[in-house]
Amino acid sequence: MNKRVAVVTGAAAGIGRAVCLELLAHDFDVVGIDINTGAEEKGLRYIQADVGNLEQSKAALASILNESGRVDALVNNAGIVRDTPAQGIDLDEWNLILNINLTAVFLWTRLVQEPMKSAGYGRIVNMSSHAASRGTLWRAPYSASKAGVEGLTRTSAMELAAHGITVNAIAPGVIETERNRDSHTPARRNAWLKAVPMKRYGKTEDLTPLVAFLCGDGAAYITGQTFTVDGGFLMAGLDPA
């Protein structure tokens, strides 16, 4: 049997890159889609494309199917964020964030449906965020897009369940990525450490095994769910300490 093929968007760095490596370790062939180029290795190749662009996305998927003949798993990970008060966001910025974070999830979910339906098998994992469920200052389009991802996940799961395709979401809390290391000030880092009951940032390895599980056979009866990986942040109430 040929190896299963997984497609990961936003794959060149951060959580996306870590997901690619985890899926490689679980014996997938992996194709990373990113607007930037990534470091290839055995079993992992990259296609440079804008996941929010329909024509580029179609061309990327055609290349994958031409080479591999199948897509077994899709991880919709690509995302961008801007810190701008809602009153200061112009329409172009709003549309950009919604396009990458939400519309691209819709596009890629729709594109992979036919090959997955033909195979009678598929796994789709969408990356959400704690911001889908909790207010986040200066991130109105980001929060809206991630709430949309969770709604889209549930509806897609209902529509695709009869075809052997599962659709789930993961909502990370604060994760120690290159971007967060570069952008989080000491004050912001201290605020996170106080707010997270486990008193630490998450690591990518706290997250990626769940992605691999949801992409595998063991998750065949799990669909339409959002799994929170945040060290207890969303469930926490007042910490008197």
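Residues numbered from 1 in each chain as written. Predicted model: local features only at pLDDT ≥ 70, side-chain atom pairs only at ≥ 80, totals over all residues. Heavy atoms only, no water.

Peer 1: Is there a simple way to explain helix α1 (residues 14–25) in this structure?
Peer 2: Working note: α-helix, 3.6 residues per turn, so residues spaced by three or four point in the same direction. In this model, α1 (twelve residues) spans 17 Å end to end at C-alpha, consistent with the 16 Å of a helix rising 1.5 Å per residue. Of all twelve residues in α1, ten are buried, a share of seventy percent or more. Of all the residues in α1, the buried ones are Gly14, Ile15, Gly16, Arg17, Ala18, Val19, Cys20, Glu22, Leu23 and Leu24. After α1 finishes, the residue Asp27 shows a positive phi value of roughly 70°. (Helix = DSSP H or I, 4+ residues; strand = E, 2+ residues; numbered from the N terminus. Expected span 1.5 Å × (residues − 1). Buried < 20%, exposed > 50% of the residue type's maximum accessible area, 1.4 Å probe, protein only.)

Peer 1: Explain the pattern of salt bridges here, please?
Peer 2: Between side chains of opposite charge, a pair can form as their charged atoms come close. Scanning the entire structure with this criterion turns up nine salt bridges. Arg70 is the salt-bridge partner of Asp72, the closest N and O atoms lying 2.8 Å from each other. Between Arg200 and Asp206 there is a salt bridge; the shortest N-O distance is 2.9 Å. Residue classification places Arg200 among the partly exposed positions, given a relative accessible area of 35%. Each of Asp83, Arg139 and Arg188 takes part in one network of salt bridges that share partners. (Salt bridge = Lys/Arg side-chain N within 4 Å of Asp/Glu carboxyl O.)

Peer 1: Any chance you could explain the nonpolar core here in plain terms?
Peer 2: Generally speaking, soluble globular proteins have nonpolar side chains that are buried together. Of all hydrophobic cores here, the largest spans 26 residues; its most connected members are Ile33, Ile64, Trp108, Val112 and Ile124. Listing elements by their share of this core, those giving two or more residues are β1 (5–9), β2 (29–34), α2 (54–68), α3 (91–119), α4 (140–160) and β6 (165–172). Per element, the largest residue contribution to this core is seven residues, and it comes from α3. Formed by 25 residues, the second largest nonpolar core is a distinct cluster that contains Leu24, Ala73, Val75 and Ala219. (Core = buried A, V, L, I, M, F, W, Y, C linked by side-chain atoms within 4.5 Å.)

Peer 1: I would appreciate a short explanation of unusual backbone geometry in the present structure.
Peer 2: Leave glycine aside and you will find that most residues have negative phi; peptide bonds, for their part, are mostly trans. Although it is not a glycine, Asp27 sits at a positive phi angle of roughly 70°. Looking at the secondary structure, you find Asp27 in the loop between α1 and β2.

Peer 1: Looking at this structure, how should I read the packing of α3 against α4?
Peer 2: Packed helices, taken two at a time, are described by the angle their axes make and the gap between the axes. Interaxial distance between α3 and α4 falls to 8 Å at its minimum, and their mutual angle equals 15°. By the angle class used here, α3 and α4 are roughly parallel. Along this stretch, α3 crosses α4, giving a crossing that reads as right-handed. For the pair formed by α3 and α4, the contact residues are Trp94, Ile97, Leu98, Asn101, Leu102, Val105, Phe106, Thr109, Gln113 and Lys117 on the first element and Ala140, Pro141, Tyr142, Ala144, Ser145, Lys146, Gly148, Val149, Leu152, Ser156 and Leu160 on the second. (Axes fitted to C-alpha atoms, helices over the stretch in contact; angles between N-to-C directions. Parallel < 35°, antiparallel > 145°, perpendicular 65-115°, else oblique. Left-handed = near helix turned anticlockwise from the far one by under 90°. Contact = heavy atoms within 4.5 Å.)

Peer 1: Would you mind showing me how to read the sheet that holds β6 here?
Peer 2: For sheets, the rule is that strands pair by backbone hydrogen bonds, running either parallel or antiparallel. If you walk across this open sheet you meet the seven strands as β3-β2-β1-β4-β5-β6-β7, and the pairing is parallel. If you trace the sheet from one side to the other, it starts and ends with β3 (44–48) and β7 (226–229), each paired once. Within the sheet, the average angular offset between the axes of one strand and its neighbour, ignoring direction, is 20°. Relative to β6, strand β5 (residues 122–127) runs parallel, the two being bridged by six bridges. When the bridges of β6 are listed, Gly122 appears paired with Ile165. Across the sheet, α2 touches β1, β2 and β3, and the angle it forms with β3 is around 150°. This element, α4, spans β5, β6 and β7 of the sheet and lies at about 160° to β6. (Pairing = 2+ DSSP bridges.)

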